[in-house]
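Topology and contacts: notes
Here's the letter readout for the chains.
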Amino acid sequence: MAGGPEGSALRQVQDSVLPAGGIHSYAKGITMAKKNAPDFEQQMQRLTAIVQELERGDLPLEENVALYKEGRMLAKSCKALLENARNEIRLCAAEGGGEFSLGDAAPVDSEGGTP
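Residues numbered from 1 in each chain as written. Predicted model: local features only at pLDDT ≥ 70, side-chain atom pairs only at ≥ 80, totals over all residues. Heavy atoms only, no water.

Let's talk about the overall build of the protein
Scanning the protein from N- to C-terminus turns up four helices and zero strands. Across the 115 residues of the protein, 10% fall into the buried class. Considering only intrachain contacts with a sequence separation of at least 6, the fraction spanning at least 24 residues in the protein is 35%. (Helix = DSSP H or I, 4+ residues; strand = E, 2+ residues; numbered from the N terminus. Buried < 20%, exposed > 50% of the residue type's maximum accessible area, 1.4 Å probe, protein only. Contact = heavy atoms within 4.5 Å.)

Next comes the structure, spelled out in structure tokens:
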């Protein structure tokens, strides 16, 4: 690591931002958070359940507001997951030499094989 005042200032910033274990602890925390976070399908199931509960219209106002807030949070999260997936697909397509379209894929029969 760099010495002198620059290195010291950098260390102070890192110490104030990163957990006690440094960057490796931070990366491990992100990995653990991803493992513990509900996946897209789970979030969509919960969002669908929330919509159904709200559409019933038989809940107290406070519960409706809480469900609405949770639904907005889930919708935002699902949108971000879809955008990330779209970007990953674009990156793969770019690495493969161009855009991917369904026309590029081999046809599949009803049993999952190619005709």
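Re helix α4 (residues 61-95)
Counted at 1.5 Å a residue, the expected span for α4 with its 35 residues is 51 Å, and the 51 Å between its end C-alpha atoms agrees. Restricting attention to buried positions, one finds in α4 the residues Leu67, Gly71, Leu74, Cys78 and Ala93. Taken together, the buried residues of α4 touch α3 (40-56). (Expected span 1.5 Å × (residues − 1).)

Comments concerning the nonpolar core
Of all hydrophobic cores here, the largest spans five residues; its members are Leu47, Ile50, Leu59, Leu67 and Leu74. At the level of elements, α3 and α4 are the ones that each hand at least two residues to this core. Residues within four places of Leu67 in sequence aside, it is in contact with Arg46, Ile50, Glu53, Leu54 and Leu59. (Core = buried A, V, L, I, M, F, W, Y, C linked by side-chain atoms within 4.5 Å.)

Examining the confidence of the model for the protein
When pLDDT is low, close inspection of the predicted coordinates is not appropriate. Mean pLDDT over the protein: 74, with 52% of residues reaching 70 or higher. Element-level pLDDT for the protein is lowest in helix α2 (residues 22-36), with a mean of 52, against a maximum mean of 95 in α3. (pLDDT = per-residue confidence, 0-100.)

A few points about the environment of Asn64
One can find Asn64 in helix α4. Along the backbone, Asn64 and Glu53 are 11 residues apart, and their C-alpha atoms lie at a distance of 8.5 Å.

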